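Descriptive structure summary
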Amino acid sequence: MTATTTTRPAKRPSMVLRMIIMLILVGAALFLIFGYGAFRTIMIGKFLAKLKNPPQTVATMIARKTPFQPVQTSTGTLIAEEGADLSSEVSGIVDTIDFKSGQNVTKGQVLLTLRPNNDQALLAQLKATAALDRITYQRDLAQYHAQAVSLQTVDTDRANLASAEAQVNSQLALMAEKRIVAPFSGRIGIRAVDLGQYLAAGTAIASLQQLNPIDIDFYLPQAALRTIKPGMIVKVSVDAFARTPFTGRITAIDSAVSTTTRMIQIRARIANPHDELRPGMFARVAIDVGAPEAIVTLPQTAIAYNSFGDTVFLVEPDKTKPASGGKAPAQPRSSLHAKQVFVTLGQTRGDQVAILKGVQPGDQVVVAGQVKLLNNSPVLIDNKIMPADSPDPVVPNH
């Protein structure tokens, strides 16, 4: 018999071994993923720890007390001391116009007349009637003394004479109303009527304004009553003549405070020899009140205006201790830092603003470049370019 040989298959890895290999591979993948993230976080933290806030370049000035004049400011409207819109009291046809637009006129000057029609004839008739009544009265009065007529007849003649004379005066007044004359001296505006035009009673003919002197009306809070008095000097400026100063004096203070605004109306009079100021102009008013005070002032550019409060940055020496280990920093470190403080502001004067609280004389204040600062930011000082700091700036010529 022939013997048969049986071949056994090769042994495969066991199920446990394959599970171990799979777990090793998964663990290695997770280590690579999370290990890289942790490594990156550690390295970024070390980089940021070495990163320093670079110093910011700013301009500064030393705060000092300066004489500061308290001022009450307001806005107002210029009005003529005497001003009127001329019109006729009666209707009629324009017969003559005796003025030119923009002309200076004097008080009593005839400006316009209406067509007289039959006014003269009616006046002559009334005068004749009055003359006859006067003769009749005088004759009857003589006869009364001769006891030829009664007292009643004389009284009737006297009443008729008075009535006739009154009618004459009435006609003269009506004729005078047809002559428009200047009620005061001043400058007349642009005429609004033409020759031959029918002019209804009350229709505007032109505006007449007295320009020198001229008044200004403005309002101040009721608290100003303790400092504002008649006779005080006011400084007035208008946009049309920004470089021309105008001064005047308070002439009147209203007798009552407005119950709506709690403001008091004030009127001042200004000399206007060149007729530069005109009624209706918008003007700014400033009144010096009290004696000058010594107050810390800063340029307005130094103030950071915020809804939560106004602030400035002070420059102080950096008191932070150097890092241990004696290693040099990665970049140069400034010996100064900015400190943000709240301030209480007073009045403004030109480019300056008064500081009532928050800054003391001698403090070094940032006046330019503070937009890029944070509290405790390191700073470098460069005062080559400084902001305007004039109490009375002048508008440049263009």
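1. Regarding the overall build of the chain
Secondary structure summary: the chain contains 3 helices and 23 strands in total. Counting over 398 residues, the chain shows a buried share of 28%. Accessible area of the chain: about 25700 Å², with a carbon and sulfur share of 58%.

2. Quick word on the confidence of the model for the chain
In the predicted model, the chain carries a mean pLDDT of 84, and 89% of its residues have values of at least 70. By mean pLDDT, helix α1 (residues 15–50) is the weakest element of the chain at 76, and strand β15 (residues 263–270) is the strongest at 95. Within the model, the stretch residues 323–333 combines pLDDT values under 50 with 6 contacts to residues more than four positions away or in other chains.

3. A few points about the sheet that holds strand β9 (residues 186–188)
Read across the sheet, 4 strands follow the order β4-β11-β9-β6 without closing on themselves; strand pairing throughout is antiparallel. Edge strands, defined here as strands with exactly one partner in the open sheet, are β4 (83–87) and β6 (104–105). Bridge count for β4 against strand β11 (residues 204–209) is 5 bridges, and the pairing is antiparallel. Bridge pairing in β11 places Asp-85 opposite Ser-207.

4. Structural notes on the pattern of salt bridges
Within the structure shown, the criterion is met by 10 salt bridges. The partner of Glu-81 in a salt bridge is Arg-269, and the shortest N-O contact between them spans 3.2 Å. Residue Glu-81 is located in the loop between β3 (71–80) and β4, and its partner Arg-269 is located in strand β15; the two are separated by 188 residues in the primary sequence. Judged by its relative accessible area of 26%, Glu-81 is partly exposed. The partly exposed category is assigned to Arg-269, whose relative accessible area is 33%. Here Asp-288 makes a salt bridge to Lys-235, at a shortest N to O gap of 3.5 Å.

5. A closer look at the side chain of Gln-171
Counting through the fold element by element, Gln-171 comes out in helix α3 (residues 151–177). Residue Gln-171 is classed as buried on the basis of its relative accessible area, which comes to 5%.

6. What about the sheet that holds β3?
Pairing is antiparallel around the closed barrel formed by 6 strands, whose spatial order is β3-β12-β15-β14-β13-β16. Each strand axis lies, on average, 40° off the axis of its neighbour in the sheet, ignoring direction. As paired elements, strand β13 (residues 233–237) and strand β16 (residues 282–288) share 3 bridges and run antiparallel to each other. Its bridge partner lying in β16, Val-236 is registered against Val-285.

7. Regarding the pairing of strand β14 (residues 246–253)
Note: β13 against β14, 4 bridges, orientation antiparallel. What sits directly across from Lys-235, in β14, is Thr-247. Two elements, β14 and β15, share 5 bridges in a ladder whose sense is antiparallel. What sits directly across from Ile-250, in β15, is Ala-268.

8. Digging into the packing of aromatic side chains
To describe a pair of aromatic rings, one takes the distance between the centres and the angle between the planes. For the structure on display, the rule yields 1 aromatic pair. Judged by centre distance (6.1 Å) and plane angle (80°), the ring pair of Phe-308 and Phe-342 falls under edge-to-face. Taken together, the residues Phe-308 in the loop between β17 (293–299) and β18 (311–317) and Phe-342 in strand β19 (residues 336–342) connect sequence positions 34 residues apart. According to the relative accessible area criterion, Phe-342 is exposed, its value standing at 53%.

9. Description of the environment of Val-341
Residue position: Val-341 is located in strand β19. Look at Val-341 and you get buried, because its relative accessible area is 14%. On a C-alpha basis, the gap between Val-341 and Thr-311 in space is 5.4 Å, while along the polypeptide they are 30 residues apart. Aside from chain neighbours lying at most four places away, what touches Val-341 is Asp-310, Thr-311, Val-312, Leu-314 and Gly-358.

10. Some details on the packing of helix α2 (residues 119–145) against α3
One can describe the packing of α2 onto α3 by two numbers: an axis separation of 8 Å at closest approach and a directional angle of 160°. Here α3 runs roughly antiparallel to α2, going by the angle between their axes. The crossing of α2 and α3 is left-handed. Grouping the constituent residues of the contact of α2 with α3 by class yields 14 nonpolar, 7 polar and 8 charged.

11. Focus on a nonpolar patch on the surface
Residues Met-19, Met-22, Leu-23, Val-26, Leu-30, Ile-33 and Phe-34 make up a contiguous nonpolar surface patch of about 720 Å² in total accessible area. Checked against the element boundaries, Phe-34 lands in helix α1.

Calculation notes
Residues numbered from 1 in each chain as written. Predicted model: local features only at pLDDT ≥ 70, side-chain atom pairs only at ≥ 80, totals over all residues. Heavy atoms only, no water. Helix = DSSP H or I, 4+ residues; strand = E, 2+ residues; numbered from the N terminus. Buried < 20%, exposed > 50% of the residue type's maximum accessible area, 1.4 Å probe, protein only. Areas by Shrake-Rupley, 256 points an atom, 1.4 Å probe, with all protein chains shown as cover. pLDDT = per-residue confidence, 0-100. Contact = heavy atoms within 4.5 Å. Pairing = 2+ DSSP bridges. Salt bridge = Lys/Arg side-chain N within 4 Å of Asp/Glu carboxyl O. Axes fitted to C-alpha atoms, helices over the stretch in contact; angles between N-to-C directions. Phe/Tyr/Trp six-rings, centres within 6.5 Å; stacked < 30°, edge-to-face > 60°. Parallel < 35°, antiparallel > 145°, perpendicular 65-115°, else oblique. Left-handed = near helix turned anticlockwise from the far one by under 90°. Nonpolar A, V, L, I, M, F, W, Y, C, P; charged D, E, K, R; others polar. Patch = residues over 30% accessible without salt bridge, like charges linked within 9 Å, V, L, I, M, F, W, Y side chains within 5 Å.

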